[in-house]
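# Chains, contacts and geometry: an overview
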Amino acid sequence: MSYQRITLALITILTIAATCAAQTETSTPKSDDKAEQIVQKAIQSVGGEAYLKVQTVTAKGFFTEYRDGVSGIPIKFVDYIAYPDRERTEFMGGGNRIIQTNDKMQGWLFDAAAKTLKDQTSKQVEDFRTGLRTSMENLLHGWWRNEGATLSYVGRREASLGRRNETVKLTYPDGFWIEYEFAAIEGSPAKVIYKRKQKNPDTDLMEEFTEEDRFFKPIVLAGITAPFVIDHFRNGVQTSRINYESIEYNKPLAEALFAKPANIKGVK
């Protein structure tokens, strides 16, 4: 249900997040009927009204980092989301506990091993904003309309033998764009593709990378379909996997989950 939003939070914690950069589009496409039809079909494929009425998501599972295509040790996580722009992700592993919390355009971090509680940097907050912009929820719920983004139809792409994906594109006024792919027949979410820039530590130069999330293992809970496996790729090489164990919808979330504690002793 949270699709790839959690990927940005997890990658930020593991210090491999990149800085979002504006894309170089020469013109802004206008929303068209074909693209809108594909989005409406996708909404129905994930639960229709039941999906649109979700206010909170509580999810548990494992995050695995990949280096050069080789998987590392899975890390447990618990993710709390209050739509549209509040999220708290807790990571447990190796005797440590790390909490990353975002509330709109501000956030804080807790690291039990380092015994630190601090505000997020502007880069980390911007990474969260990128996660919001690129999320499947943003597209399907229509939050992008509030930012003046426009929707266009890209076309069909080969997905696998005998299967095709329909592709739509969101373009924001600042030029940043995201492409979303959906199974042509079922209408279900398949991929999210966008570009980011980050500094290469070897050359100290800014480089552009293609980021891609692929959704697998759809499971229906409470009338809502969500992918229980999300693989993230950078320039075609896998960098992470999210494997959900459980997802709960519309479970009440206390305000204290998102509020920054006064000190380390106040972290719960």
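Residues numbered from 1 in each chain as written. Predicted model: local features only at pLDDT ≥ 70, side-chain atom pairs only at ≥ 80, totals over all residues. Heavy atoms only, no water.

### Details of the packing of aromatic side chains
- This model, assessed by the stated rule, comprises four aromatic pairs.
- Ring plane angle 55 degrees and centroid distance 5.4 Å describe the contact between Y83 and W143, whose orientation is recorded as tilted. In this pair, Y83 is assigned in the loop between β3 (75-82) and β4 (86-93) and W143 in the loop between α5 (136-141) and β8 (150-160), connecting sequence segments 60 residues apart.
- Its relative accessible area of 11% is what places Y83 among the buried residues.
- Judged by relative accessible area, which is 22%, W143 ranks as partly exposed.
- Between F176 and Y194, the ring centres sit 6.4 Å apart and the planes meet at 65 degrees, which makes this aromatic pair edge-to-face. Separated by 18 residues along the polypeptide, F176 in the loop between β9 (163-171) and β10 (177-183) and Y194 in strand β11 (residues 189-199) bring together distant segments of the chain. Across the pair, exposure class does not vary: F176 and Y194 are buried alike.
- Taken together, the ring pairs in this structure connect F77, F228 and Y244 into an aromatic cluster. (Phe/Tyr/Trp six-rings, centres within 6.5 Å; stacked < 30°, edge-to-face > 60°. Helix = DSSP H or I, 4+ residues; strand = E, 2+ residues; numbered from the N terminus. Buried < 20%, exposed > 50% of the residue type's maximum accessible area, 1.4 Å probe, protein only.)

Bear in mind that shape data such as this cannot, by itself, settle questions of function.
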